Amino acid sequence: MTGPLLAERTTLRLGGSGRDFVEATDEAELVDAVVRADEAGTPVLLLAGGSNLVVSDDGFPGSVVHISTSGVHVEPGTGSGADADADAWATVTVAAGEDWDELVAHAVQHGWVGIEALSGIPGSVGATPVQNVGAYGQEVSQTITSVRCWDRVDKKVRTIAAADCGFGYRTSRFKQDPQRYVVLTATFRFRLDDLGAPVQYAELARKLDVEPGRRAPMSQVRDAVLDLRRKKGMVLDDADHDTWSAGSFFTNPFLPSEAAERLPADAPRCDQPDGTTKISAAWLIEHSGFTRGYGNDRVTLSTKHTLALTNRGGATTMDLVGLASEIQTGVLDKFGVWLVNEPSLVGCELPRP
Ligand SMILES: Cc1cc2nc3c(=O)[nH]c(=O)nc-3n(C[C@H](O)[C@H](O)[C@H](O)COP(=O)(O)OP(=O)(O)OC[C@H]3O[C@@H](n4cnc5c(N)ncnc54)[C@H](O)[C@@H]3O)c2cc1C
């Protein structure tokens, strides 16, 4: 294996090297690297910020393509017939390798409404449509209008409208079919205003001292979100091992209503339009006996947040997968619910129930 240890490129600081490593700084290099690997039958790992990846200690037996493309293109005043004021919108196309939180900071500064609650999320712009990044009541699917990508099956560049991206809770067609699409750019459409979008998330509304559904100045929303996230170890900080993570390790499960009714009445839940019920994975973990800081001297649950699995400094991927598997089994035994991992696992697996 050659190239840098992937432990140096992932926020968990775990993972061996790739067989080879390509730095793609523009779109032509990115597509070329993927096409060359595909033609040679070499597996490809698309790597951007490394904040949602768990890579095996043995590394990756193929080409690691690091996406560091750049460019932000703004088209002001592209409102269409239904919009009362065509000038009150901006259409913004961003290269995959751009830093997500820098885009959010820029959006807040320039009055682009709709991603302010997604402040502080690490990683690249191109990865956001992959798992339909979301937090504090916003998801990128609310502002993305289209995603331009290299289609590795049809071998051509395609622009996929948001309605065809298969966006759902922490998922999309890009996540469902990971060997097929390389996101090249994402296009967002932002309303222009000083006030952010209506605050949907109760904890954020309390922090801002507004009623849920009301609006607040965007800069205040960003500051409030960053403050809430820091307290949970959800903003990267080299000095804080609670942030040596991939964010939330498990997604919140959606259960059929009969299964949800069997859970204790105090389990936080939210009924969905499709008849399922969304349950808090953090609550299930805590009430299965895995409290904050649970683990050993190498891997633990964050001491601030039970959903994040963290590297305390000397961990291996095996250690992390071992803890994840213990939690999955514990929650299954206690509540009959199988938690599903949110980050992509590369060369390592969690057992199935
Ligand atoms: C402290 C912390 C907090 C977090 N908080 C949140 C949160 O609040 N909400 C949330 O949704 N997520 C959160 N995450 C997860 C993560 O930050 C996001 O999923 C982010 O979008 C990943 O971006 P990345 O560039 O780091 O992707 P990577 O980790 O490099 O890649 C993630 C996956 O996407 C693929 N991929 C990356 N770029 C592309 C591309 N251009 N085309 C196709 N596939 C691609 C990779 O192959 C991989 O499968 C958090 C993570 C951490 C460490």
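Look a little higher up for the structure.
Because the structure is a prediction, the values reported are computed rather than measured. In this convention, every chain numbers its residues from 1, walking through the sequence in written order. This being a predicted model, a pLDDT of at least 70 is required before a residue's local features are given, and a value of 80 or more before pairs of side-chain atoms are given or counted; all residues contribute to the totals for chains, interfaces and linings. Only hydrogens and water are set aside when side-chain values are computed; all heavy atoms of the structure are taken into account.

### Some points on the environment of glycine 295
One can find glycine 295 in the loop between helix H7 (281–286) and strand E16 (299–301). With 133 residues separating them along the chain, glycine 295 and alanine 162 place their C-alpha atoms 40 Å apart. Setting aside residues up to four positions removed in sequence, glycine 295 forms contacts with Thr300 and Leu323. A run of H or I in DSSP becomes a helix once it reaches four residues, and a run of E becomes a strand once it reaches two; helices and strands are each numbered from the N terminus. The criterion used for residue contact is that any of the two residues' heavy atoms lie within 4.5 Å.

### Some remarks on the nonpolar core
Remark: nonpolar core denotes a set of buried residues (Ala, Val, Leu, Ile, Met, Phe, Trp, Tyr, Cys) joined through side-chain atoms within 4.5 Å. Remark: exposure states derive from per-residue accessible area (1.4 Å probe, protein chains only) relative to the maximum for the residue type, with buried under 20%, exposed over 50%, and partly exposed in between. Among the nonpolar cores identified, the biggest contains 41 residues, and Trp100, Leu103, Ile115, Phe174, Phe188 and Leu204 are the most heavily contacted of them. Those elements that provide at least two residues to this core are strand E6 (89–95), helix H2 (100–110), strand E7 (112–113), strand E10 (144–151), strand E12 (181–192), helix H4 (202–208) and helix H5 (218–231). Those residues in contact with phenylalanine 174 that sit more than four places away from it in its chain are Pro129, Val130, Val147, Cys149, Ile160, Cys165, Tyr181 and Val183. If you look at the next biggest cluster of nonpolar residues, it comprises 34 residues, including Val54, Ala246, Phe249 and Phe250.

### A short note on the side chain of serine 63
Position of serine 63 relative to the elements: it lies in strand E4 (residues 60–67). Among all residues touching serine 63, those that are not within four sequence positions of it are Asp20, Ala37, Thr42, Pro43, Val44 and Leu45.

### Things to note about the layout of surface pockets
Cavities and pockets were defined on a 1 Å grid built over protein atoms only: a cavity is a set of grid points that admits a 1.4 Å probe from which the probe cannot escape, a pocket is an open set flanked by protein on both sides within 12 Å along at least five of seven lines, and lining residues are those with an atom within 4 Å of any such point. Grid points are joined across faces, edges and corners, and a volume is the space filled by probe spheres set on the points. A volume near 200 Å³ is recorded for the second largest pocket. Tyr169, Arg170, Thr251, Val340 and Asn341 are, among the 13 residues lining the second largest pocket, the residues nearest its centre.

### Points about the packing of aromatic side chains
Here is the rule: rings of Phe, Tyr and Trp (six-membered ring for Trp) pair when centre to centre is within 6.5 Å. Planes less than 30 degrees apart are stacked, more than 60 are edge-to-face, and the remainder are tilted. The final tally for this structure, using the stated rule, is nine aromatic pairs. Taking 5.1 Å as the distance between ring centres and 70° as the angle between the ring planes, the aromatic pair formed by tyrosine 136 and tyrosine 201 counts as edge-to-face. Here the residue tyrosine 136 occupies a position in the loop between strand E8 (134–135) and strand E9 (138–139), and tyrosine 201 occupies one in the loop between E12 and H4, the gap between them amounting to 65 residues. For tyrosine 136, a relative accessible area of 9% translates into the label buried. Classification of tyrosine 201 as partly exposed rests on a relative accessible area of 36%. Between phenylalanine 174 and tyrosine 181, the aromatic rings sit 5.5 Å apart at their centres with planes inclined by 85°, giving edge-to-face as the arrangement. The exposure class of tyrosine 181 is buried, given its relative accessible area of 6%. Pairwise contacts between aromatic rings join Trp100, Trp112, Phe188 and Phe190 into one cluster.

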